Amino acid sequence: MMGPILLGIAILVVVFGVFLFRAIPAMQTYSLYRGTRLVKCPETHQTVAVGVAAGKAAATVLWGNPTLGLEQCSRWPERQNCGQECLQQIETDPDNCLVWNIVSRWYEGQSCALCHRRFGRLKHLDHPPALMDADRKTTEWKDFRPEELTGVFATHQPVCWDCHVTETFRRAHPELVVYRDRGAHTRV
Ligand SMILES: [Zn+2]
């Protein structure tokens, strides 16, 4: 009677041990592949925004190497049955194509076009900086579609959150804005 029970407990311990042993690589895989990425579509050679099914990839690590698949693409649903060859670009360098890293690299070292404060590395808890077009209209970078960002970087200037808020207020309530004489500084 004790034999089958002990065998059952032993199997449970082994299964649980294997699960624990693979849990850390699974979490690392999830962390590595989550988030939106920009890749070059092998079909059109245009920049597209894709998301890897990070949860699925992490689950496959529990019993082997991670299996990557897309869970979203800016060309879907029209091209939902594509071969997902762009995954090779992500496997080769997952960090380099992450939208967050691309945006952070673009801002870092530049200065706000309005107050000239220098940008550091983006932080997730900070207010997101913005981009300013030729008409001085500012937009948070997160409000652009990810696949548009590369083009937007070529035509817009970086603006900090504080100046974005001031500019947004100035555009919405021009009657409340007082322009001081000294320089181009605007006080609201
Ligand atoms: Zn500023």
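Here the residue index of a chain counts from 1 through its sequence in written order. Confidence filtering applies because this is a predicted model: local features only for residues at pLDDT of at least 70, side-chain atom pairs given and counted only at 80 or more, and all residues used for totals across whole chains, interfaces and linings. Only hydrogens and water are removed before side-chain values are computed, so all heavy atoms of the structure are retained for them.

Colleague: Explain the confidence of the model for the chain here, please?
Modeller: On average, residues of the chain carry a pLDDT of 88, and 94% of them reach 70 or more. Predictor confidence is given residue by residue as pLDDT, running from a minimum of 0 to a maximum of 100. Secondary structure elements are taken from DSSP: a helix is a run of H or I of four residues or more, a strand is a run of E of two residues or more, and numbering for both begins at the N terminus. The element-level mean pLDDT for the chain is lowest in strand β8 (residues 186–187), coming to 48, with strand β6 (residues 157–159) highest at 98.

Colleague: Help me out: how do you make sense of the coordination of the zinc ion in this one?
Modeller: Expected angles at a metal are 109.5 degrees for tetrahedral coordination by four donors and either 90 or 180 degrees for octahedral coordination by six donors. Listed donors are limited to N, O and S atoms within 2.8 Å of the metal, widened to 3.2 Å for Na, K and Ca; water is not among them, so incomplete-looking sites are possible. Taken together, the protein donors to the zinc ion comprise Cys112 (SG), Cys115 (SG), Cys160 (SG) and Cys163 (SG), at separations of 2.3 Å. Classification of the site at the zinc ion rests on its 4 donor atoms, whose angles at the metal span 103 to 116 degrees, yielding the label tetrahedral. Each donor residue of the zinc ion belongs to the same chain, with the gaps between them written as C-x2-C-x44-C-x2-C. Linking Cys115 in the loop between α4 (99–107) and β4 (130–132) with Cys160 in the loop between β6 and α6 (161–172), this pair joins segments that are 45 residues apart in sequence. A site with four donors is called tetrahedral when every donor-metal-donor angle falls between 85 and 135 degrees; four donors are called square planar, and six octahedral, when opposite donors sit more than 155 degrees apart and all other angles fall between 65 and 115; any other arrangement is irregular.

Colleague: Which parts of the structure should I look at to understand helix α2 (residues 54–61)?
Modeller: Each α-helix turn comprises 3.6 residues. Residues three or four places apart therefore point the same way. The classification of residues rests on relative accessible area computed with a 1.4 Å probe and restricted to protein chains. Under 20% of the type maximum is buried, over 50% is exposed, and intermediate values are partly exposed. Of the positions making up α2, those classed as buried are Ala54, Ala57, Ala58, Thr60 and Val61. An end-on view of α2 places all buried positions within 160 degrees of arc, on one side of the element. The directions considered for the arc are those from the helix axis to the C-beta atoms.

Colleague: Explain the nonpolar core here, please?
Modeller: When a protein is soluble and globular, its nonpolar side chains tend to lie buried together. Note on terminology: a nonpolar core comprises buried Ala, Val, Leu, Ile, Met, Phe, Trp, Tyr and Cys residues joined through side-chain atoms within 4.5 Å. Membership of the largest hydrophobic core comes to 21 residues, with the highest contact counts inside it found for Val103, Tyr107, Leu131, Trp141, Leu149 and Phe153. Contributions of two or more residues to this core are made by α4, β4 and α5 (149–155). The element contributing the most residues to this core is α4, with 6 residues. Counting 16 residues, the second largest nonpolar core, distinct from the first, contains Ala54, Leu70, Ile90 and Cys97.

Colleague: What exactly am I supposed to notice about the pairing of strand β1 (residues 36–40) here?
Modeller: The two faces of the sheet receive side chains in turn, since in a regular strand these alternate between them. Of the strand pairs in this sheet, β1 and strand β2 (residues 47–52) are connected by 5 bridges, and their pairing is antiparallel. Pairing of Lys40 across the sheet is with Thr47, part of β2. Between any two strands, at least two bridges found by DSSP are needed for them to pair. Adjacent in sequence and paired antiparallel, β1 and β2 are bridged by 6 residues, among which His45 carries a positive phi angle near 60 degrees.

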